[in-house]
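One-letter residues, chain by chain:
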Amino acid sequence: MPDAAIELVDVNKWYGTFHVLKDINLTVASGEKVVICGPSGSGKSTVVRCINQLEKHQKGTIRVDGVELTDDPKSVAAISSEVGMVFQQFNLFPHLTVLENLTLGPIKARGMSRKEAEEKARHYLDRVHIPDQADKKPIQLSGGQQQRVAIARSLCMEPRVLLFDEPTSALDPEMISEVLEVMVELAQEGMTMVVVTHEMGFARKVADKMIFMDAGEIVEQGNPEHFFTNPQSARCQKFLSQILQH
Amino acid sequence: MKKPLLLLSVFLLVAGCASSSTWGWYVIDPTTASGWTNVKFLISGMGATIQISLIAAVLSIAIGLLVALPGLSEKRGWRLVNRVYVEFVRSIPLLPMLFWVFYGLPIVFQSMGMNIPIDPFWGAIITLAISDSAFTAEIYRAGIQSIAKGQSEAAKTIGLNYVQTMRYVILPQAIRRILPPLANQFIYIVKMSAFASVIGMQELTRRANELVVTEYRPLEIYTLLIFEYLVLVLIISAGVRWLERRMGADERG
């Protein structure tokens, strides 16, 4: 499959003797939006963190844009320029202004000029609907704004794939929608996305593929319509009934 | 803190003036010609003490960082390098290390075919810097480890390599927690520099020792010596407190 942005083949991972990922097979086509859900401890965050090499898998193959991920520093460099990541805790750099957060990667890792990087940064701040906060420090922003800055920071690296690790889980309820709105817009513009989330409304709206994980396995995957209306496994049915109740 | 100190100095003065049979302040009385010569002689060691301390502190700060970084590695081998250095250096008392560096190291150099003499000045600096670096390394390590892991992860995802991550993301944040204890460590160096007197370095303590030998007035001369260190350390402490206030204010803002 040459068009696959991400390909996981029989990926296994252990923390000591604890088997966190069991034979994970997953293909994300270019432009596809994949939503991963599942109970906590199911390994869904670990999948995403393996894709951008924040964690190492012990068995199996992960390819990003056709490049296999190994310990080779070249492969690490290759993925960091292809794969963006949005964290649950934002992980903005608190000692830098919003603008500096956004330009650090392009200037230092890409060798872009400051002027060009700042133009790009302002462009993406505009796209996440916070054009006026460029000179503030992250701590002066609301959680929702901080997460949107984090999204803009990833976009400044112009990644082929954007990974989201529970991007709204640390947010107050009233701020979730402003972040989801930005994510929906990104999806509509054709960004390839892998999103770990419990926001099922978002999933229904944008997902091309739903994945349900439990105990380190992909238990069920399919298109959203099928997934929500007619889940096959008992575990998935139970999970959905629990989170869709309210 | 200031009151007992003041009381102590008043007591010493009164005691000294009241019973001239035990105190002989004349030896460092700046109003007499010989007393003034003595005082100048004693204070002239200040320059060397400050020089040794400053250079040793700068070296210790650099060596400490170099030692701390492998201690933060995920690779066990690197961490071992850090542990061995810290545990080994930390366990050597300053005086034996000073003797080893001053008397022993030139012989090591000689046996390797190099003729590198070590004078008291550099012998003291090397010893102080290495001895202190084990502690600065631990200060760095604690400071860097106190920065959340998410920071280096985020840096990695925007393509920064290890050196860039340290330089632009981790160290600028860690420095606020590192600087105050590092400055405290400087006080330690200033005090330990007194050991340089035993290898003949003409600094504060050496000057006092030499004057005691000719004047036979240890009580007055060593009292002045203690006050010389006190003044030095008080100035540094004031600097440290200023630094801490600045850092604290910065963190809130």
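The rules behind each value
Residues numbered from 1 in each chain as written. Chains lettered and ligands numbered in written order. Predicted model: local features only at pLDDT ≥ 70, side-chain atom pairs only at ≥ 80, totals over all residues. Heavy atoms only, no water. Helix = DSSP H or I, 4+ residues; strand = E, 2+ residues; numbered from the N terminus. Rg over C-alpha atoms; globule rule 2.2 N^0.38 Å. Buried < 20%, exposed > 50% of the residue type's maximum accessible area, 1.4 Å probe, protein only. Contact = heavy atoms within 4.5 Å. Areas by Shrake-Rupley, 256 points an atom, 1.4 Å probe, with all protein chains shown as cover. Lys, Arg positive; Asp, Glu negative; His and termini not counted. Charge placed at Lys NZ, Arg CZ, Asp CG, Glu CD. Axes fitted to C-alpha atoms, helices over the stretch in contact; angles between N-to-C directions. Left-handed = near helix turned anticlockwise from the far one by under 90°. Nonpolar A, V, L, I, M, F, W, Y, C, P; charged D, E, K, R; others polar. Pairing = 2+ DSSP bridges. Expected span 1.5 Å × (residues − 1). Patch = residues over 30% accessible without salt bridge, like charges linked within 9 Å, V, L, I, M, F, W, Y side chains within 5 Å. Salt bridge = Lys/Arg side-chain N within 4 Å of Asp/Glu carboxyl O. Polar contact = N/O pair within 3.5 Å; in protein donor to acceptor, adjacent residues only side chain to side chain. Core = buried A, V, L, I, M, F, W, Y, C linked by side-chain atoms within 4.5 Å. Buried area = accessible area lost by both parts, 1.4 Å probe.

Trainee: It is not clear to me how the overall build of chain A should be interpreted in this structure. Could you clarify?
Mentor: Secondary structure summary: chain A contains nine helices and ten strands in total. Expected size for 246 residues packed as a compact globule is a radius of gyration near 18 Å; at 18 Å, chain A falls within 12% of this value. Taking the principal axes of the C-alpha coordinates as reference, chain A spans close to 55 × 45 × 35 Å. Residues classed as buried in chain A amount to 56% of the 246 residues present. Counting only contacts in chain A whose residues sit at least 6 apart along the sequence, the fraction spanning at least 24 positions is 65%. A total of about 10600 Å² of accessible surface is found on chain A, and carbon and sulfur atoms cover 47% of it. Taken as two groups, the 26 positive and 33 negative side-chain charges of chain A have centres that lie 4 Å from each other.

Trainee: Hey, could you run me through the packing of helix α6 (residues 120-145) of chain B against helix α8 (residues 162-192) of chain B in this one?
Mentor: Packed helices, taken two at a time, are described by the angle their axes make and the gap between the axes. Residue and element names in this part refer to chain B. Two elements in contact, α6 and α8, have axes separated by 8 Å at closest approach and are oriented at 145°. As for how α6 packs across α8, the hand of that crossing is right-handed. Of the residues in α8, those touching α6 at Leu128, Ser131, Asp132, Phe135, Thr136, Ile139, Tyr140, Gly143 and Ile144 are Met166, Ile170, Leu171, Ala174, Ile178, Pro181, Leu182, Gln185, Tyr188, Ile189 and Met192. Considering only residue class, the contact of α6 with α8 consists of 15 nonpolar, four polar and one charged.

Trainee: Could you clarify how one ought to interpret the sheet that holds strand β8 (residues 192-196) of chain A in this entry?
Mentor: By definition, the strands of a sheet pair up through backbone hydrogen bonds, in either a parallel or an antiparallel sense. Residues and elements named next belong to chain A. Strand order in the open sheet formed by six strands is β6-β7-β8-β3-β9-β10, with mixed pairing between adjacent strands. Each end of this open sheet is capped by a strand with a single partner; those strands are β6 (83-86) and β10 (217-222). Averaged over all neighbouring strand pairs, the angle between strand axes comes to 20°, with direction disregarded. In the sheet, strand β9 (residues 209-214) pairs with β10 via five bridges, with the strands oriented antiparallel. Bridging from a neighbouring strand, Met213 pairs with Ile218 of β10. In the packing of helix α9 (residues 234-244) onto the sheet, contacts are made with β3 (33-37), β9 and β10, and the angle to β9 comes to roughly 100°.

Trainee: Explain helix α6 (residues 173-188) of chain A here, please?
Mentor: An α-helix turns once per 3.6 residues; consequently, residues spaced three or four apart project the same way. Residue and element names in this part refer to chain A. In this model, α6 (16 residues) spans 24 Å end to end at C-alpha, consistent with the 22 Å of a helix rising 1.5 Å per residue. Among all positions of α6, only Met175, Ile176, Val179, Leu180, Val182, Met183, Val184, Leu186 and Ala187 are buried. Just past α6, the residue Gly190 takes up positive phi, approximately 100°.

Trainee: What exactly am I supposed to notice about a nonpolar patch on the surface here?
Mentor: Residue and element names in this part refer to chain B. On the surface, Trp100, Val108, Met112, Met114 and Ile116 cluster together to form a nonpolar patch covering roughly 460 Å² of accessible area. Mapped onto the elements of the fold, Trp100 is located in helix α5 (residues 94-111). Taking relative accessible area as the criterion, Trp100 reaches 52% and is therefore assigned exposed.

Trainee: Quick question: what am I supposed to make of the side chain of A:His57 here?
Mentor: Residues and elements named next belong to chain A. Locating His57 in the fold gives a position in the loop between α1 (44-51) and β4 (59-64). Exposure remark for His57: the relative accessible area of 15% places this residue in the buried category. Within the structure, the side chain of His57 is placed 3.4 Å from the backbone oxygen of Gly60, a separation counted as a polar contact. Excluding anything up to four places from it in sequence, His57 contacts Val11, Asn12, Lys13, Cys50, Ile62 and Leu69.

Trainee: Would you mind going over the nonpolar core with me for this structure?
Mentor: Looking at soluble globular proteins, one finds that nonpolar side chains tend to be buried together. Ranked by internal contacts, the top residues of the largest apolar core, which has 51 residues, are A:Ile6, A:Leu8, A:Ile36 and A:Leu163. Considering each element in turn, this core owes the most residues, seven residues, to α8(B). Setting aside residues up to four positions removed in sequence, A:Ile36 forms contacts with A:Lys44, A:Val47, A:Val48, A:Val194, A:Val195, A:Val196, A:Thr197, A:Ile211 and A:Met213. In terms of nonpolar packing, the next biggest core, distinct from the first, is built from 47 residues, A:Val149, A:Ala187, A:Met193 and A:Met210 among them.

Trainee: Sorry, what's going on with the interface of chain B and chain A here?
Mentor: In many analyses, interface size is given as the accessible surface area lost on bringing the parts together. Contacts between chain B and chain A engage 16 residues on the former and 20 residues on the latter. Summed over both sides, the interface between chain B and chain A buries roughly 1700 Å², with carbon and sulfur atoms accounting for 62% of that surface. The largest contributions to the chain B side of the interface with chain A come from B:Lys156, B:Thr157 and B:Ile158, which together make up 36% of the buried area. At the junction of chain B and chain A, the tally comes to one salt bridge. Put simply, B:Glu153 and A:Arg49 hold a salt bridge, and the shortest N to O gap is 2.5 Å. On inspection of chain B and its partner chain A, the count reaches eight residue pairs in polar contact (both at pLDDT 80 or more). Breaking the side of chain B that touches chain A down by element, the ones donating at least two residues are α7 (149-157) and α8 of chain B.

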